[in-house]
Amino acid sequence: ARVTKVTRKQWYQRRVRVTSVDSKPSEVLPPIRCQPKPRKKKKKTGAAVLATDQDTKSGSSKIRGNDYRAWDKFDVDAAIKEIDGGKQEEESEEETGQDGEESDASTDNEMLDKQEEERKQMQAVYLKEKGNDFFKQGKWEDAVECYTKGLQCDALNAVLFANRAMALIKLQKYAAAIADCDCSIELDDGYTKAYLRRATAHLKLEHKKEALADFRKVLEFEPENKLALGTVRKLEVELAPPVQYKPRKEGDITHMKRTLPPSDKPMVRIQIHDIRNDEYDIRPASRTTQAKSVAETPTNVKFETLPTRIPANYLQFQTDFRKLKSNPEALFKYIKQIDPDIYPKLFQDSLEADQLFIILDILNKFYVPAKLPVYNELHYLTKVKRFDMAVMFKTEAQQLTISQLVHYAAENASCKVGILKLVKAYDIMDLSKYELPDMSDEVETSAS
């Protein structure tokens, strides 16, 4: 069969003709064969776009190749500038697009960085709380490990450095504690606890001048800090230069003290005579004469009475303690009448290191010889606020006193687990000198 080529227009006219004659909807005809595909329009770029724009603006057509007069009037430099300007505009558009993409990418990265920082800070807070729990339980090494992991998450946290320094002091690693306190102070120069802990570490290493400087820095931020005030007074006395004795030369009376003012009367020579013992009775007075002299003493003289009341608050205890401090027996009777259960409420956060060690000395000198129980006194003293700071300033003699008290309490106490808590609270390191009862069974049952 012969195939004839039909255009789209002819095919459409033929279809309309058929529908008009039959007056019925025509059937769908098959597609026309060998129909050329429509050509895609090419995008104009560069000089072609500029030329078309210039033509549309000016309303003129393209210059023909044989139109020499028009070519003579054509400005080549202007056309080149226009072409270069179009290229620069395209490049600027591309650059703006790239800048927009880069800015979007940078904002996304900043958001991710902020989220990562917040996550690390939350992790550091969690590790700090976990380390504090270990510290309260007396697990110093576990506490140091938690604080170290927290610093890996947040290396600019001054509290983590100070807390790790406190745990290192408990482990007797004083040089490392001082280094952590230095980092904490560099991050926050107003953090009082960092100065206190560095001063404590310096005292343990016998660096008294550095400790005094740190305690004075604490008083700049907290002028009423009792621990710092008491320690500064002690260190100032210890570091005061000794008075140098200069022997006085013979005949030098410039530095002699006058006990009486000089007299205006002339000096008189007095003759001294020997007196025999039988002429005058120089025997001591009898008891009757002494009793008469005592009876003749005036009755209006008031003697200071020692306090016997039970203190209701720390202010009353402090005034009574100052009066009784020079009388150990009276102070023993005074402390004995105070119920140990009220120690935390009585002292609150005002317990001083001197008061703590004097009370412990009274327990050792009076309670132990009288075979009185001391476990409750030692236990409730550990419940007082700032007990940990006060007990850190103990000397070797005070450490020995505490060890003897805990040994005595261990012999008479029924709860051996409580003795272990006292050992950790009072930071006793030399219990090997004393024969404490075997407490392994109690620890295993309590752990189970």
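As shown above, the structure is provided for reference.
Below is a summary of the structure that appears in this document. Just so you know, these numbers come straight off a predicted model, no measurement behind them.

**Details of the packing of helix α15 (residues 353-367) against helix α16 (residues 375-382)**
Line of reasoning, step 1. Put simply, α15 and α16 touch, their axes get as near as 11 Å, and they point 170° apart. Accordingly, the angle class assigned to the pair α15 and α16 is roughly antiparallel. Each of Leu356, Ile359, Leu360, Leu363 and Tyr367 in α15 lies in contact with α16, whose residues at this interface are Glu377, Leu378 and Leu381.

**Some points on a nonpolar patch on the surface**
Line of reasoning, step 1. A cluster of nonpolar side chains, contributed by Ile63, Trp71, Phe74, Val76 and Ile80, occupies part of the molecular surface with about 430 Å² of accessible area.
Line of reasoning, step 2. In this structure Ile63 comes out as partly exposed when scored by relative accessible area, which is 34%.

**Here's the deal with unusual backbone geometry**
Line of reasoning, step 1. For Gln348, which is not glycine, the phi torsion reads 55° and is therefore positive.
Line of reasoning, step 2. Residue placement: Gln348 occurs in the loop between α14 (343-347) and α15.
Line of reasoning, step 3. Even without glycine at this site, Lys371 takes up a positive phi of about 55°.
Line of reasoning, step 4. Within the fold, Lys371 resides in the loop between α15 and α16.

**Focus on the environment of Lys170**
Line of reasoning, step 1. Position of Lys170 relative to the elements: it lies in helix α6 (residues 158-170).
Line of reasoning, step 2. Linking Lys170 and Glu141, residues 29 residues apart in sequence, is a C-alpha distance of 9.4 Å.

**Considering helix α9 (residues 208-221)**
Line of reasoning, step 1. With 14 residues, α9 ought to run about 20 Å at 1.5 Å a step, and its terminal C-alpha atoms sit 20 Å apart, in line with that.
Line of reasoning, step 2. Within the sequence span of α9, burial applies to Ala211, Leu212, Asp214, Phe215, Val218 and Leu219. Projected down its long axis, α9 shows its buried positions confined to an angular sector of 165°, all on one face. For α9, the exposed residues set more than 90 degrees away from the buried face come down to Lys209 and Glu220.
Line of reasoning, step 3. Here the buried face of α9 lies against α8 (192-204) and α10 (226-239).

**Quick notes on the side chain of Glu377**
Line of reasoning, step 1. For Glu377, the location among the structural elements is in helix α16.
Line of reasoning, step 2. The side chain of Glu377 is buried and forms no salt bridge, while Lys336, the nearest opposite charge, is found at 9.5 Å.
Line of reasoning, step 3. With near-sequence residues (within four places) excluded, Glu377 lies in contact with Pro340, Tyr343, Leu363 and Tyr367.

**Re α16**
Line of reasoning, step 1. When α16 is considered as a whole, its buried residues turn out to be Glu377, Leu378 and Leu381. The buried residues of α16 occupy an angular sector of 95° when the element is viewed end-on, so they sit on one face.

**Side note on the packing of aromatic side chains**
Line of reasoning, step 1. Counted by the stated rule, this structure contains 11 aromatic pairs.
Line of reasoning, step 2. Summarising the aromatic geometry, the rings of Phe332 and Phe366 are spaced 5.1 Å apart at their centres and angled 15° between planes, so their arrangement reads as stacked. Taken together, the positions of Phe332 in helix α13 (residues 328-336) and Phe366 in helix α15 put the pair 34 residues apart, joining distant regions of the chain.
Line of reasoning, step 3. Through a chain of ring-to-ring contacts, the aromatic side chains of Tyr314, Phe317, Phe321, Tyr334, Tyr343 and Phe347 assemble into a single cluster.

**A few points about the pattern of salt bridges**
Line of reasoning, step 1. A complete count under the given rule lists 10 salt bridges for this structure.
Line of reasoning, step 2. Its salt-bridge partner being Arg198, residue Asp182 comes within 2.7 Å of it at the nearest N-O pair. You can see Asp182 sitting in helix α7 (residues 174-187) and its partner Arg198 sitting in helix α8, a full 16 residues away along the chain.
Line of reasoning, step 3. Arg198 sits in the buried class, given a relative accessible area of 16%.

Thresholds applied
Residues numbered from 1 in each chain as written. Predicted model: local features only at pLDDT ≥ 70, side-chain atom pairs only at ≥ 80, totals over all residues. Heavy atoms only, no water. Axes fitted to C-alpha atoms, helices over the stretch in contact; angles between N-to-C directions. Helix = DSSP H or I, 4+ residues; strand = E, 2+ residues; numbered from the N terminus. Parallel < 35°, antiparallel > 145°, perpendicular 65-115°, else oblique. Contact = heavy atoms within 4.5 Å. Patch = residues over 30% accessible without salt bridge, like charges linked within 9 Å, V, L, I, M, F, W, Y side chains within 5 Å. Areas by Shrake-Rupley, 256 points an atom, 1.4 Å probe, with all protein chains shown as cover. Salt bridge = Lys/Arg side-chain N within 4 Å of Asp/Glu carboxyl O. Buried < 20%, exposed > 50% of the residue type's maximum accessible area, 1.4 Å probe, protein only. Expected span 1.5 Å × (residues − 1). Arc of directions from axis to C-beta. Lys, Arg positive; Asp, Glu negative; His and termini not counted. Phe/Tyr/Trp six-rings, centres within 6.5 Å; stacked < 30°, edge-to-face > 60°.

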